[in-house]
Amino acid sequence: MSDDVATPAQVLSTNIFDSAAEAIEAIGAADVLGLGVRVSNRLVQDEESDDALVEEWIVELLTSVPTADEE
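Structural notes, computed from the coordinates. (Residues numbered from 1 in each chain as written. Predicted model: local features only at pLDDT ≥ 70, side-chain atom pairs only at ≥ 80, totals over all residues. Heavy atoms only, no water.)

A short note on helix α1 (residues 20–33)
Compared with the 20 Å implied by 1.5 Å per residue over 14 residues, the 20 Å span of α1 between its first and last C-alpha is a close match. The elements touched by buried residues of α1 are β1 (11–17), β2 (36–45) and β3 (53–62). A positive phi of about 75 degrees marks glycine 34, the residue just after α1. (Helix = DSSP H or I, 4+ residues; strand = E, 2+ residues; numbered from the N terminus. Expected span 1.5 Å × (residues − 1). Contact = heavy atoms within 4.5 Å.)

Below is the structure:
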């Protein structure tokens, strides 16, 4: 085990997209630039209808690629 303590990646920006295709394009651009990403999605109330929910995609650009803990 290393004595080095990994510093968590810092968020450079948070971007919200209406479609998965737009989110994928942003992820590809981050990859070209060597940035890390954190992606999630959520359902939000549709602005045009009180009865409908729409999905939006959240892409956070990070200073480095995050690592997963192996447990």
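That covers the picture; the talk isn't over yet.
Comments concerning the sheet that holds β2
Sheets are built from strands paired through backbone hydrogen bonds, the pairs being either parallel or antiparallel. Taken in spatial order, the 3 strands make up an open sheet running β1-β3-β2, and their pairing is antiparallel. Edge strands, defined here as strands with exactly one partner in the open sheet, are β1 and β2. Adjacent strand axes in the sheet meet at a mean angle of 20 degrees when their direction is disregarded. Strand direction decides the pairing type here: β2 and β3, joined by 10 bridges, are antiparallel. Across the sheet, valine 44 pairs through a bridge with valine 54, a residue of β3. Its contacts with the sheet put α1 on β1, β2 and β3, and the angle it makes with β3 is roughly 5 degrees. (Pairing = 2+ DSSP bridges. Axes fitted to C-alpha atoms, helices over the stretch in contact; angles between N-to-C directions.)

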